[in-house]
Amino acid sequence: MIYHPAYGSYDLGPEHPFSPARVTMVLDLLAELGIAPELVAPAPATVADVLRVHDEEFVRTVEAASTGDADALAAAAGFGLGTPDNPIVPGMAEAVRWLVGGALHGARMIAAGEADLVLQLGGGLHHARRRLASGFCLYNDLAVAIRHLVDARMRVAYIDIDVHHGDGVQEILYADEDVLTLSLHESGEYLFPGTGWPHELGQGMGRGLKLNVPLEPFTEGASYLEALEKVSGPALEFFRPDVLVVQCGADTHHLDPLADLMLTSRDFERVIRVLLGLAERHTRGRALFTLGGGYSPRATPRLWAILYLVLHGLPVPQALPPAWVARWGPLLGEPALTTLHDPDEPYPAIPRRPEITSQNRGMVDRLLDGVARYWL
């Protein structure tokens, strides 16, 4: 597992949802479970690394604004900086380059044959675009890692299970014939960033390799898994990747305050197991997993702990350590948590379930129909 304490310096403010406390809670939970992860410490990415996927003027502005440079601060708004989502914070450029460095280190390990399955305990900054900071994301660690893998002559399948569309990764790699992107997300009709439609299929030699599965609000786990399996299987069979890169946002959980999908912790575990199965079948087990969104302190640390346990072939225990619950009680809220997984019926039945499932199936069918001619 790749991690460095400097990841915590990517802190956008005490009230900002993208809090480094989320990862601190995961590490503390694993420690209380008696698990001592073997941590691999990366170096921060260099500016040259970042320039592999980002525009030079954008990077120059980010780096200078991070130091308080007056000219850069004046130009910042044109690059998505200085907003509530992406505030200008002293030292932010170096902080985010630590996260980029972690994803890049994982890619280097896989490309060099030093590891097959890597978890980067951070990052997943999938909204950062070529010359625009967006959605809590300053630089795009995922695109940097993917670019390294492609430079190492590997075909990359990027799968994004964050509740928000992976728009930055898609934009940066839209014409790349060596990269398949597959994003499952709540429909942009209702949720930021408002993109990720089935007709966004790529351009040039990348046409037919950029796939989007926009799901209806209140989609539950069974429908989500059905869509994932129905699209991912034929897509990977056609593309024949050498490695998966997976963004594991935890904001599909029904408790997440920023979105409206209804997955449970058990659904999340099933999704991770499906992704592992895809890696085993299509890439000889080679996969780089990162974190991403996830804004419920009550849910996100539990889901990412489950991610760690599943990726490392460890059993998922039933009980949460009481000491962990007590320590984080003010963030976890009431009633007190007692189990790592959600209760069996964590929310009331959704009356529109058949309609939602039908709409999701129709959307998947339209996507597969639209892409079929590019896969012949």
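Read on for a plain summary of the structure. (Residues numbered from 1 in each chain as written. Predicted model: local features only at pLDDT ≥ 70, side-chain atom pairs only at ≥ 80, totals over all residues. Heavy atoms only, no water.)

1. Concerning the packing of aromatic side chains
The final tally for this structure, using the stated rule, is seven aromatic pairs. With 6.1 Å between their ring centres and 80° between their planes, Phe58 and Tyr139 make a pair best called edge-to-face. Taken together, the residues Phe58 in helix H3 (residues 56–65) and Tyr139 in the loop between strand E1 (117–120) and helix H6 (141–151) connect sequence positions 81 residues apart. Comparing Phe58 with Tyr139, the two get one shared label, buried. Taken together, Tyr10, Phe18, Phe136 and Tyr295 form an aromatic cluster joined through their ring pairs. Sitting above the plane of the Phe18 ring, Arg22 keeps its charged end 4.3 Å from the centroid. The ring of Phe239 carries the charged tip of Arg155 above its face, separated from the ring centre by 4.0 Å. (Phe/Tyr/Trp six-rings, centres within 6.5 Å; stacked < 30°, edge-to-face > 60°. Helix = DSSP H or I, 4+ residues; strand = E, 2+ residues; numbered from the N terminus. Buried < 20%, exposed > 50% of the residue type's maximum accessible area, 1.4 Å probe, protein only. Lys NZ or Arg CZ within 6 Å of the ring centre and 35° of its normal.)

2. A few points about the pattern of salt bridges
Throughout the structure, instances matching the rule amount to 18 salt bridges. Two residues, Arg327 and Glu32, come together in a salt bridge whose shortest N-O distance is 2.6 Å. With Arg327 in helix H11 (residues 322–327) and Glu32 in helix H1 (residues 21–32), this pair connects stretches of sequence that are 295 residues apart. Accessibility expressed as a relative area gives 32% for Glu32, which makes it partly exposed. Residue Glu355 is joined to Arg352 by a salt bridge in which the shortest nitrogen-to-oxygen separation is 3.3 Å. The class for Glu355 is partly exposed, based on a relative accessible area of 41%. One salt-bridge network, in which partners are shared between bridges, spans Asp28, Glu32 and Arg327. (Salt bridge = Lys/Arg side-chain N within 4 Å of Asp/Glu carboxyl O.)

3. Observations concerning the pairing of strand E2 (residues 156–160)
When you tally the buried positions in E2, you get five out of five residues, the bulk of the element. Both E2 and strand E3 (residues 179–186) contribute to a ladder of five bridges, which runs parallel. Across the sheet, the residue bridging to Ile159 is Leu182, located in E3. Each parallel crossover has a hand, and the one from E2 via helix H7 (residues 167–172) to E3 is right-handed. Here E2 pairs with strand E5 (residues 243–247) via five bridges, running parallel. Within E5, the residue paired with Asp160 across the bridge is Gln247. (Pairing = 2+ DSSP bridges. Right-handed = clockwise from strand over helix to strand, strands pointing away.)

4. Remarks on the nonpolar core
For soluble globular proteins, nonpolar side chains are generally found buried alongside one another. Counting residues in hydrophobic clusters, the biggest one holds 129 residues, and the most contacted among them are Leu211, Val213, Phe289 and Leu307. Residue contributions to this core peak at twelve residues, all from helix H5 (residues 92–111). Those residues in contact with Val213 that lie beyond four places of it in its chain are Leu182, Ser183, Leu184, His185, Ala227, Val231, Met363, Val364 and Leu367. (Core = buried A, V, L, I, M, F, W, Y, C linked by side-chain atoms within 4.5 Å. Contact = heavy atoms within 4.5 Å.)

5. Considerations on the sheet that holds strand E6 (residues 287–290)
Taken together, six strands build an open sheet; the order of strands is E1-E6-E5-E2-E3-E4 and the sheet is parallel. Each edge of the sheet is formed by a strand with only one pairing partner; in this case those strands are E1 and strand E4 (210–215). Strand after strand, the sheet turns through a mean of 10° between neighbouring axes, direction not considered. (Axes fitted to C-alpha atoms, helices over the stretch in contact; angles between N-to-C directions.)

6. Considerations on unusual backbone geometry
Going from Phe192 to Pro193, the amide bond is cis rather than trans, its omega being 5°. Inspection of the secondary structure assignment puts Pro193 in the loop between E3 and E4. Looking along the chain, the bond that leaves Glu334 and enters Pro335 is cis, with omega of -5°. Looking at the element boundaries, Pro335 is found in the loop between helix H12 (329–332) and helix H13 (353–372).

7. A word on the side chain of Asp342
Position of Asp342 among the secondary structure elements: in the loop between H12 and H13. A polar contact of 2.9 Å, which involves the side chain of Asp342, links it to the side chain of Arg302. (Polar contact = N/O pair within 3.5 Å; in protein donor to acceptor, adjacent residues only side chain to side chain.)

8. With respect to the layout of surface pockets
Approximately 270 Å³ is the volume attributed to the largest pocket. Lining the largest pocket are 17 residues; nearest its centre among them are Thr264, Asp344, Glu345, Pro346 and Tyr347. Of all the secondary-structure elements, those providing two or more residues to the lining of the largest pocket are helix H8 (221–239) and helix H9 (265–282). For the lining of the largest pocket, the element with the most residues is H9, which contributes three residues. Tallied by class, the residues present in the lining of the largest pocket amount to seven nonpolar, three polar and seven charged. (1 Å grid on protein atoms, 1.4 Å probe; cavity = no way out; pocket = protein on both sides within 12 Å on 5 of 7 lines; lining within 4 Å. Points joined across faces, edges and corners; volume = space filled by probe spheres on them. Nonpolar A, V, L, I, M, F, W, Y, C, P; charged D, E, K, R; others polar.)

9. Let's talk about the environment of Leu173
Here Leu173 lies in the loop between H7 and E3. The spacing of Leu173 and Val53 is 120 residues in sequence and 8.8 Å in space, taken between C-alpha atoms. Leave out the neighbours within four places in its chain, and Leu173 touches Ile146, Arg147, Val179 and Lys210.

10. Regarding H9
Side chains that are three or four residues apart share a direction in an α-helix, a result of its 3.6 residues per turn. Across its 18 residues, H9 extends 26 Å between first and last C-alpha, which sits within 8% of the 26 Å expected from 1.5 Å per residue. Among the 18 residues of H9, 13 are classified as buried, and the element is accordingly described as predominantly covered. Count one or two residues on from H9 and you reach Arg284, which has phi positive near 55°. (Expected span 1.5 Å × (residues − 1).)

Function cannot be read off these values alone, since they describe shape.
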